[in-house]
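Here are the chains, one letter per residue:
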Amino acid sequence: MKKAELAACVTMLRKRITGAEVGGSSVMIAYYLLLSIFPLLIVVGNLLALLGIDHHSALEYVAMVVPEAVMPMLEPIVENLLLSASGGILSLGVLAAIWSSSRGVNYLQKGMDKAYGLPGGGNYIAKRLVSLVTIVLVLLLLVAFALVFSIGDMLAQSLSPVLPWVGNAMDY
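Heads up: these notes are all about the structure in this document. (Residues numbered from 1 in each chain as written. Predicted model: local features only at pLDDT ≥ 70, side-chain atom pairs only at ≥ 80, totals over all residues. Heavy atoms only, no water.)

1. Remarks on the overall build of the chain
In step 1: Assigned secondary structure in the chain consists of eight helices and zero strands.
In step 2: Ordered by position from the N terminus, the helices and strands of the chain form the series α-α-α-α-α-α-α-α.
In step 3: Counting only C-alpha atoms and orienting by the principal axes, one finds that the chain spans roughly 65 × 50 × 40 Å.
In step 4: The buried share of the chain, taken over its 172 residues, is 23%.
In step 5: Expressed as a percentage of contacts within the chain between residues at least 6 apart in sequence, the contacts between residues at least 24 apart total 74%. (Helix = DSSP H or I, 4+ residues; strand = E, 2+ residues; numbered from the N terminus. Buried < 20%, exposed > 50% of the residue type's maximum accessible area, 1.4 Å probe, protein only. Contact = heavy atoms within 4.5 Å.)

Below is the structure:
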């Protein structure tokens, strides 16, 4: 590739990135996805409390991933969350997590529309429904994967007398 062709390619790439507003779209996507982490943590904390998980063991796991300087500030918050389970807070957390993450998916759709030169308008309600359905499907897939990884071995052992190939597949 000649120097002039390379310069033209770089110039075209810069115009496409600028025209697609990659920076602005990525900021909005990151904002809404980070915003969905806090309600998700509330949901997980309430689920752990409703399932009767001991808060001391949960704190040990939190201490493994949180810096030591932050743990004294975080410990009372986690204890309070795990000791006081509430179905209302759980529902609000689920709704807030789904809303904020679906907004992130919505901005991802807008960014892709700009990047590929598609018209930006369209039906707002349809786009929001697609975002919502996408997030719900991702959440269902995450729950399915968690179930498969947590009870998959037990399920395979119980199915192996009926379906011998399942037991053979688990050996790998």
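2. Structural notes on the pattern of salt bridges
In step 1: In total, this model carries one salt bridge according to the counting rule given.
In step 2: Where Asp113 meets Lys127, a salt bridge forms, and the shortest distance between an N and an O atom there is 3.3 Å. Placement of the pair is Asp113 in helix α6 (residues 87-115) and Lys127 in helix α7 (residues 124-159), with a sequence separation of 14 residues. (Salt bridge = Lys/Arg side-chain N within 4 Å of Asp/Glu carboxyl O.)

3. Some thoughts on α6
In step 1: Here α6 spans 42 Å end to end across 29 residues, near enough to the 42 Å set by a 1.5 Å rise per residue.
In step 2: Gly117 sits one or two residues past α6 and shows a positive phi near 70°. (Expected span 1.5 Å × (residues − 1).)

4. Description of the packing of helix α4 (residues 55-65) against helix α5 (residues 71-83)
In step 1: At their nearest, the axes of α4 and α5 sit 10 Å apart, and the two run at 145° to each other. Once α4 is placed against α5, the crossing between them reads as right-handed. Here α4 contributes His55, Ala58, Leu59, Val62 and Ala63 to the contact with α5, which in turn contributes Met71, Leu74, Glu75, Val78, Glu79, Leu82 and Leu83.
In step 2: Partitioning the contact of α4 with α5 into residue classes produces nine nonpolar, one polar and two charged. (Axes fitted to C-alpha atoms, helices over the stretch in contact; angles between N-to-C directions. Left-handed = near helix turned anticlockwise from the far one by under 90°. Nonpolar A, V, L, I, M, F, W, Y, C, P; charged D, E, K, R; others polar.)

5. Details of a nonpolar patch on the surface
In step 1: Residues Tyr124, Ile125, Leu129, Leu132, Val133, Val136, Leu137 and Leu140 make up a contiguous nonpolar surface patch of about 760 Å² in total accessible area.
In step 2: In this structure, Leu129 sits in helix α7. (Patch = residues over 30% accessible without salt bridge, like charges linked within 9 Å, V, L, I, M, F, W, Y side chains within 5 Å. Areas by Shrake-Rupley, 256 points an atom, 1.4 Å probe, with all protein chains shown as cover.)

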